[in-house]
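Analysis of the macromolecular model
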Amino acid sequence: MQTLITNIGVLVAGDGSVQRDTSLSVDDGLVADIGGDLSAPDVVIDARGQTVMPGLVDGHVHPTVGDWTPAQNSVGWIRNYLHGGVTSMVSAGELHVPGLPFDQLTPELVFGLACLSRATLSANRGYGPRVEAGTLLLVPGMSESMFDRMAEAGLRHLKFIFYDWARLEDGEALDYVRWARERSMIVKIHSGGVSRSGSSRVAGYDVVQAVGADVVGHISGGPIPMPDDEIRRVIDDVPHAAVEICSSMNYRATKVTVDHLMLRGQLDRMTVGTDTPGGTGVIPRGMLRNICYLSSVCGVAPELAVAAATGVTAGRHGLDQGVIAPGRPADLVILGPITGSGGKDALECFALGDLPGISTVLVDGAIVVEGRSEQTPPPTRPAQVRRLTSARR
């Protein structure tokens, strides 16, 4: 299947770069060319001057089993997030299982839970978005051989949240990080105060710096952050780690985080998520709102805010999507100003803090949202899709 997207007003690549007045071709689910043409495409999408950007990558979600998440007794939320422009999401742990004994978690229990969640989410692409599920909750007592079992089961993401930090000096947590990296796994650490469960462990600068995980989860609050000076010290003293901001943030602490990253010229370390479903609820437009907040309040250039919510988040979680470039997955969102907005394109909308309207979403080059999103107002000039005869045979 070949698709040509024409009349793109602004193409935001997800790596901080922007092109204007261009086109984009897709072949067999991958981006084929930017600015080129196709002699006989199967589908032509006229963007009508709208903005094209990568599908959003929500780096912090809490699914459980299939499309049901009991934290908000929510069903269908994954599809709703797709209509909010999210084409990929990364689980930060499937921990909202009713009755899960947080004080009695064993290696076998968390391994089984991760495998169950992965089997019911990652393998089911019928929802549209890619769901990187099966994030294992690290607990004491794991052997290196269990990390081999994780790798064999396809588990790629691990998280410290219920770990007993009184044991930090025995070196087990550092062994976990080393064993994970040797198997190309990504380790995230819950930072700040306790989570919604009330059973997680507080993790400030001392813990985060000592563990040296790959991603510092919700550094600006989930729901509350570590003190401001500790946020800055984490950014300074754990330079390899990504720092994550989420919709369930402390807004003031988020600005502290962003200001310090910008001071150091390190916005390429900032990843973005919603930290939902949870106590903050279900937020289909949460990732769009994150971009608006980063750009209109924190002063991040809108194309860099988009990059944080796409290419940076994907890359820091070991994913290939999130950037529009030849050979990359064609996960795309076409969007533009809604009626009444002062923005001329999606980037100007983000800079103003205005929510843009989504008209089309593609995953693996296939159109999964067409005409208009069910979760945003319609853009003033929705894209038009034309399927040619060859595509209907």
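Residues numbered from 1 in each chain as written. Predicted model: local features only at pLDDT ≥ 70, side-chain atom pairs only at ≥ 80, totals over all residues. Heavy atoms only, no water.

**Comments concerning the overall build of the protein**
- Helix and strand content of the protein: 11 helices and 20 strands.
- For 393 residues, the compact-globule estimate of 2.2 N^0.38 gives 21 Å, and the C-alpha radius of gyration of the protein, at 21 Å, lies within 12% of that figure.
- Its C-alpha atoms put the protein at 65 × 45 × 35 Å along the principal axes.
- Looking at the protein as a whole, 60% of its 393 residues are labelled buried.
- Sequence-distant contacts, at least 24 apart, represent 73% of the contacts inside the protein between residues at least 6 apart. (Helix = DSSP H or I, 4+ residues; strand = E, 2+ residues; numbered from the N terminus. Rg over C-alpha atoms; globule rule 2.2 N^0.38 Å. Buried < 20%, exposed > 50% of the residue type's maximum accessible area, 1.4 Å probe, protein only. Contact = heavy atoms within 4.5 Å.)

**Quick notes on the sheet that holds strand β15 (residues 242–246)**
- Pairing within the open sheet is parallel, and its 6 strands lie in the order β11-β12-β13-β14-β15-β16. Each edge of the open sheet carries a strand with a single partner, namely β11 (136–137) and β16 (270–273).
- In terms of strand pairing, strand β12 (residues 157–160) meets strand β13 (residues 186–190) through 4 bridges, oriented parallel. Considered in β13, the bridge of Leu-158 is made with Val-187. (Pairing = 2+ DSSP bridges.)

**Here we look at the nonpolar core**
- Leu-136, Met-142, Phe-147, Met-150, Phe-160, Trp-165 and Phe-350 are the most contacted members of the largest nonpolar core, which totals 90 residues.
- Counting residues per element, this core draws most heavily on helix α8 (residues 286–296), at 6 residues.
- Setting aside its immediate chain neighbours within four residues, Phe-160 contacts Leu-138, Trp-165, Ala-173, Tyr-176, Val-177, Val-187, Lys-188, Ile-189, His-190 and Val-211.
- Counting residues in each nonpolar core, the second largest holds 17 residues, with Leu-11, Val-31, Val-52 and Ile-324 among its members. (Core = buried A, V, L, I, M, F, W, Y, C linked by side-chain atoms within 4.5 Å.)

**Describing the packing of helix α2 (residues 107–121) against helix α3 (residues 144–152)**
- It is the contact of α2 with α3, at a shortest axis distance of 11 Å, that shows an interaxial angle of 10°. One way to sum up the angle between α2 and α3 is to call them roughly parallel. Here Pro-107, Glu-108 and Phe-111 of α2 lie close against α3, whose contacting residues are Met-146, Arg-149 and Met-150.
- The class makeup of the residues in the contact of α2 with α3 is 4 nonpolar, no polar and 2 charged. (Axes fitted to C-alpha atoms, helices over the stretch in contact; angles between N-to-C directions. Parallel < 35°, antiparallel > 145°, perpendicular 65-115°, else oblique. Nonpolar A, V, L, I, M, F, W, Y, C, P; charged D, E, K, R; others polar.)

**A closer look at helix α6 (residues 228–237)**
- Every buried residue of α6 is accounted for by Ile-231, Val-234 and Ile-235. Taken down its axis, α6 places every buried residue within 95° of arc, on the same side.
- The secondary structure elements touched by the buried residues of α6 are α5 (205–211), β14 (215–217), β15 and α7 (251–263). (Arc of directions from axis to C-beta.)

**Structural notes on the pattern of salt bridges**
- Scanning the entire structure with this criterion turns up 20 salt bridges.
- When the shortest N-O distance is used, the salt bridge between Asp-345 and Arg-20 registers 3.5 Å. Residue Asp-345 is located in the loop between β17 (332–336) and α10 (346–352), and its partner Arg-20 is located in strand β2 (residues 18–27); the two are separated by 325 residues in the primary sequence.
- Of the residues examined, Asp-345 reaches a relative accessible area of 8% and is grouped as buried.
- The partner of Arg-252 in a salt bridge is Asp-228, with the nearest N and O atoms 2.7 Å apart. Here the residue Arg-252 occupies a position in helix α7, and Asp-228 occupies one in helix α6, the gap between them amounting to 24 residues.
- Taken together, the salt bridges that share partners define one network made up of Glu-144, Asp-148, Asp-175, Arg-178, Glu-182 and Arg-183. (Salt bridge = Lys/Arg side-chain N within 4 Å of Asp/Glu carboxyl O.)

**Here's the deal with the sheet that holds strand β6 (residues 56–61)**
- Spatially, β6-β9-β10 is the arrangement adopted by the 3 strands of the open sheet, whose pairing is parallel. A single partner strand is all that each edge strand has here, and the edge strands are β6 and β10 (130–132). For this sheet, the mean inter-axis angle between neighbouring strands, taken without regard to orientation, is 20°.
- Inspection of the sheet shows strand β9 (residues 86–91) paired to β10 by 3 bridges, in the parallel sense. Paired with Met-89 across the two strands is Val-131, which belongs to β10.

**Some details on the pairing of β9**
- Counting buried positions over the 6 residues of β9 gives 6, a clear majority of the element.
- For β6 and β9, the ladder comprises 4 bridges, and the chain directions are parallel. Following the sheet pairing, Val-61 is matched in β9 by Ser-91.

**Some points on the packing of aromatic side chains**
- Taken as a whole, this structure holds 11 aromatic pairs when the rule is applied.
- Look at Phe-147 and Tyr-176: their rings are 5.5 Å apart centre to centre, the planes differ by 45°, and that puts the pair in the tilted class. Here Phe-147, found in helix α3, pairs with Tyr-176, found in helix α4 (residues 172–182); they are 29 residues apart in sequence, far enough to count as distant. Take Phe-147 and Tyr-176: they sit in the same class, and that class is buried.
- Here Tyr-163 and Tyr-176 contribute two aromatic rings whose centre-to-centre distance is 6.1 Å and whose plane-to-plane angle is 75°, an arrangement assigned as edge-to-face. Of the two residues, Tyr-163 is situated in the loop between β12 and α4 and Tyr-176 in helix α4; the sequence distance between them amounts to 13 residues. The same class applies to Tyr-163 as to Tyr-176, namely buried.
- Connected via pairs of aromatic rings, a cluster forms that spans Phe-147, Phe-160, Tyr-163, Trp-165, Tyr-176 and Trp-179.
- In this structure, Arg-149 is placed above the aromatic ring of Phe-111, and the distance from its NZ or CZ to the ring centre is 4.5 Å. (Phe/Tyr/Trp six-rings, centres within 6.5 Å; stacked < 30°, edge-to-face > 60°. Lys NZ or Arg CZ within 6 Å of the ring centre and 35° of its normal.)

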